[in-house]
Amino acid sequence: AGAFAARVVGMCGDVAPLPVAARKRCIFSVHCAQAQSNRKGEACDVPRLPPETTTPLVVDPSGVYMRPEGPPARYLCGVSPPSGWGDPDSASTDDLDLVDHALFDEVIWPALYHRCEAFGSLKVQSSWAGFYEYNTFDQNAIIGPHPHVSNLILCNGFSGHGLQHAPGAGLAVAELLSEGRFRTINVACFGFERVMRGERVLEHGIV
């Protein structure tokens, strides 16, 4: 059910609601044709780009992130809307029809240029919008049974870092279903019970 999993939980009747909502996020694919990749031993008289073969996902303190993608001098980048920008819950996939290009022009591009001057020559090649399954409680995953519906197993609310957590979360849920417990990785701290108790699991590296 992804970003709309709260609707599925709501079908179970008078139970604690799942604090997960669909939040729109925009991704931009950019190309820096005028800049050269920073390869060892290569003469360069223009600002150098981060080397595409050794640059990991980079998260700027502003929250802007980027990583190499595909051919040389191409990168993916994005950011969660900063405070004051507006970040409403979405009720329909219709909200994905429009990409927020002002977010790129006013937030993402200045941060990239501040980090690396070679990004001053970038051009947006393509862009798209998708949903975070956004945990409005603490922006972290909810993994395990619903406290009021024992046979409803949740694995949701990753708020943008689901890809990184997917292998461990999938293994944990598989063990919970097959063995009735977390065996390899104890992810009990991400259980729904923390929501009921009002105990947030917080981290600083949220993008």
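First, a word on scope: everything that follows refers to the structure included in this document. (Residues numbered from 1 in each chain as written. Predicted model: local features only at pLDDT ≥ 70, side-chain atom pairs only at ≥ 80, totals over all residues. Heavy atoms only, no water.)

1. What about the nonpolar core?
Item 1. Within the largest apolar cluster, 23 residues are counted, with the highest numbers of intra-cluster contacts made by Phe28, Cys77, Ile108, Leu112 and Phe119.
Item 2. Broken down by secondary-structure element, the contributors of at least two residues to this core are strand E1 (20-31), strand E6 (74-78) and helix H2 (101-115).
Item 3. Per-element tally for this core: the top contributor is H2, with six residues.
Item 4. Among residues more than four places away in sequence, those in contact with Phe119 are Cys32, Leu49, Pro50, Met66, Tyr75, Trp109, Leu112 and Tyr113.
Item 5. By size, the runner-up hydrophobic cluster in this structure holds 13 residues, among which are Ala5, Val20, Leu152 and Phe192. (Core = buried A, V, L, I, M, F, W, Y, C linked by side-chain atoms within 4.5 Å. Buried < 20%, exposed > 50% of the residue type's maximum accessible area, 1.4 Å probe, protein only. Helix = DSSP H or I, 4+ residues; strand = E, 2+ residues; numbered from the N terminus. Contact = heavy atoms within 4.5 Å.)

2. Points about the environment of Arg25
Item 1. Inspection of the secondary structure puts Arg25 in strand E1.
Item 2. Placed 178 residues apart in sequence, Arg25 and Glu203 show a C-alpha to C-alpha distance of 20 Å.
Item 3. Not counting residues within four places of it along the chain, the set of residues in contact with Arg25 comprises Val79, Ser80, Pro81, Asp87, Trp128, Ala129, Gly130, Tyr132 and Tyr134.
Item 4. At 3.1 Å, the side chain of Arg25 and the side chain of Ser80 are in polar contact. (Polar contact = N/O pair within 3.5 Å; in protein donor to acceptor, adjacent residues only side chain to side chain.)

3. Topic: the pattern of salt bridges
Item 1. Inspection of every chain in the model, using the stated rule, returns nine salt bridges.
Item 2. Linked by salt bridges that have partners in common, Arg23, Arg25, Asp87 and Asp89 make up one network. (Salt bridge = Lys/Arg side-chain N within 4 Å of Asp/Glu carboxyl O.)

4. Structural notes on the packing of aromatic side chains
Item 1. Scanning all chains against the criterion turns up four aromatic pairs.
Item 2. Measuring from centroid to centroid gives 5.6 Å for Phe4 and Phe131, while their planes differ by 90°, and the two rings are edge-to-face. Linking Phe4 in the segment before helix H1 (5-10) with Phe131 in strand E8 (residues 123-135), this pair joins segments that are 127 residues apart in sequence.
Item 3. Judged by its relative accessible area of 22%, Phe131 falls in the partly exposed class.
Item 4. Relative to Phe104, the ring of Phe28 lies with its centre 5.0 Å away and its plane at 40°, an arrangement referred to as tilted. Of this pair, Phe28 sits in strand E1 while Phe104 sits in helix H2, and the two are 76 residues apart along the sequence. (Phe/Tyr/Trp six-rings, centres within 6.5 Å; stacked < 30°, edge-to-face > 60°.)

5. Section: H2
Item 1. Compared with an ideal rise of 1.5 Å per residue, which puts 15 residues at 21 Å, H2 spans 20 Å between its outermost C-alpha atoms and is within 8% of the ideal.
Item 2. Along its length, H2 shows its largest kink, about 35°, at Ile108, and proline Pro110 lies within four residues downstream of that point.
Item 3. Residues Leu103, Phe104, Val107, Ile108, Ala111 and Leu112 constitute the buried set of H2.
Item 4. Elements in contact with the buried residues of H2: E1, strand E5 (65-68), E6 and E8. (Expected span 1.5 Å × (residues − 1). Bend = angle between axes of the 7 residues up to and from the residue.)

6. Thoughts on unusual backbone geometry
Item 1. A positive phi is found at Ala73, a non-glycine position, where the angle reads about 70°.
Item 2. Note on placement: Ala73 falls in the loop between E5 and E6.
Item 3. You can call Ala73 buried: its relative accessible area is 7%.
Item 4. You will see that Gln139, though not glycine, has its phi angle at about 60°, which is positive.
Item 5. If you trace the backbone, Gln139 turns up in the loop between E8 and strand E9 (142-146).

7. Details of the pairing of strand E10 (residues 149-156)
Item 1. Note: E9 against E10, five bridges, orientation antiparallel. Across the sheet, the residue bridging to Ile143 is Cys155, located in E10. (Pairing = 2+ DSSP bridges.)

8. With respect to the state of the cysteines
A covalent bond bridging the sulfur atoms of two cysteines is what the word disulfide describes.
Item 1. Taken as a whole and judged by the stated rule, the model has zero disulfides.
Item 2. Note on Cys77: no disulfide assigned, nearest cysteine sulfur contributed by Cys32 at a separation of 9.1 Å.
Item 3. Note on Cys77: relative accessible area 0%, which makes it buried.
Item 4. Between Cys116, a cysteine without a disulfide, and Cys32, which holds the nearest cysteine sulfur, the sulfur-to-sulfur distance is 7.7 Å.
Item 5. On the basis of relative accessibility, which here comes to 12%, the residue Cys116 falls in the buried class. (Disulfide = S-S within 2.5 Å.)

As far as function goes, none of this settles anything; it's purely spatial.
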